[in-house]
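# Descriptive analysis of the structure
This is what each chain is made of:
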Amino acid sequence: MGIFVPMALSSELSFSESLKSEPRRYFYERHRRIAIAMILIVFFAPFIGIWVNGVIGAVGGIVLSVAAFYVTPYVVLKLLEG
């Protein structure tokens, strides 16, 4: 693995590129409030799932929170574009 050179994230970031760790990490470093919100979502979603629907809800909360963590950079950049 090479050295990562920070790049300017743009709305031209493809979905597959947004799933890679370096662009995602750079996005969250530049958007601290979104990063904090995602930490809270990832932490609390399974507990909300347990409260709503038991163990199946907890699993659903975990899946949704992890998916949100990966997809958020792409979605936010697309929303800011339009």
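Anything mentioned here points back to the structure above.
Report on the accompanying structure. Only a predicted model underlies this, so the values are computations on that prediction, with no experimental measurement involved.

Positionally, Thr72 belongs in helix H3 (residues 32-81). In this view, Thr72 contacts Tyr28, Ile34 and Met38; residues no more than four positions away in its chain are not counted.

Taken residue by residue, helix H2 (residues 21-30) has Pro23, Arg24, Tyr26, Phe27 and Tyr28 as its buried positions. Next to the buried residues of H2 lie helix H1 (15-18) and H3.

Let us look at the nonpolar core. Within the largest apolar cluster, 7 residues are counted, these being Leu13, Phe27, Tyr28, Ala35, Met38, Val76 and Leu77. For this core, the elements supplying multiple residues, two or more each, are H2 and H3. Among the elements that line this core, the one with the most residues is H3, at 4 residues.

Before going further, it helps to spend a moment on the pattern of salt bridges. Inspection of the entire model under this criterion finds 4 salt bridges. Lys20 is the partner of Glu17 in a salt bridge, and the nearest nitrogen-oxygen pair spans 3.0 Å. The exposure class of Glu17 is partly exposed, given its relative accessible area of 30%. A relative accessible area of 46% means that Lys20 is categorised as partly exposed. Across the pair Glu29 and Arg25 runs a salt bridge, and its minimum N-O distance is 3.6 Å. One end of the pair is Glu29 and the other is Arg25, both in helix H2 and 4 residues apart, which spans about a single turn. Overall, the relative accessible area of 41% leaves Glu29 in the partly exposed class. Counted as one network, the salt bridges with shared partners bring together Glu22, Arg25 and Glu29.

The tally for this structure, following the rule as stated, stands at 6 aromatic pairs. Taking the centre distance of 5.3 Å and the plane angle of 80° together, the rings of Phe15 and Tyr74 count as edge-to-face. Taken together, the residues Phe15 in helix H1 and Tyr74 in helix H3 connect sequence positions 59 residues apart. Owing to a relative accessible area of 38%, Phe15 belongs among the partly exposed residues under this scheme. A residue is classified by how much of its surface remains accessible, and Tyr74, at 24% relative accessible area, is partly exposed. Each member of the aromatic cluster is reached from another via a ring pair, and the members are Phe27, Tyr28, Phe69 and Tyr70.

Criteria and thresholds
- Residues numbered from 1 in each chain as written.
- Predicted model: local features only at pLDDT ≥ 70, side-chain atom pairs only at ≥ 80, totals over all residues.
- Heavy atoms only, no water.
- Helix = DSSP H or I, 4+ residues; strand = E, 2+ residues; numbered from the N terminus.
- Contact = heavy atoms within 4.5 Å.
- Buried < 20%, exposed > 50% of the residue type's maximum accessible area, 1.4 Å probe, protein only.
- Core = buried A, V, L, I, M, F, W, Y, C linked by side-chain atoms within 4.5 Å.
- Salt bridge = Lys/Arg side-chain N within 4 Å of Asp/Glu carboxyl O.
- Phe/Tyr/Trp six-rings, centres within 6.5 Å; stacked < 30°, edge-to-face > 60°.

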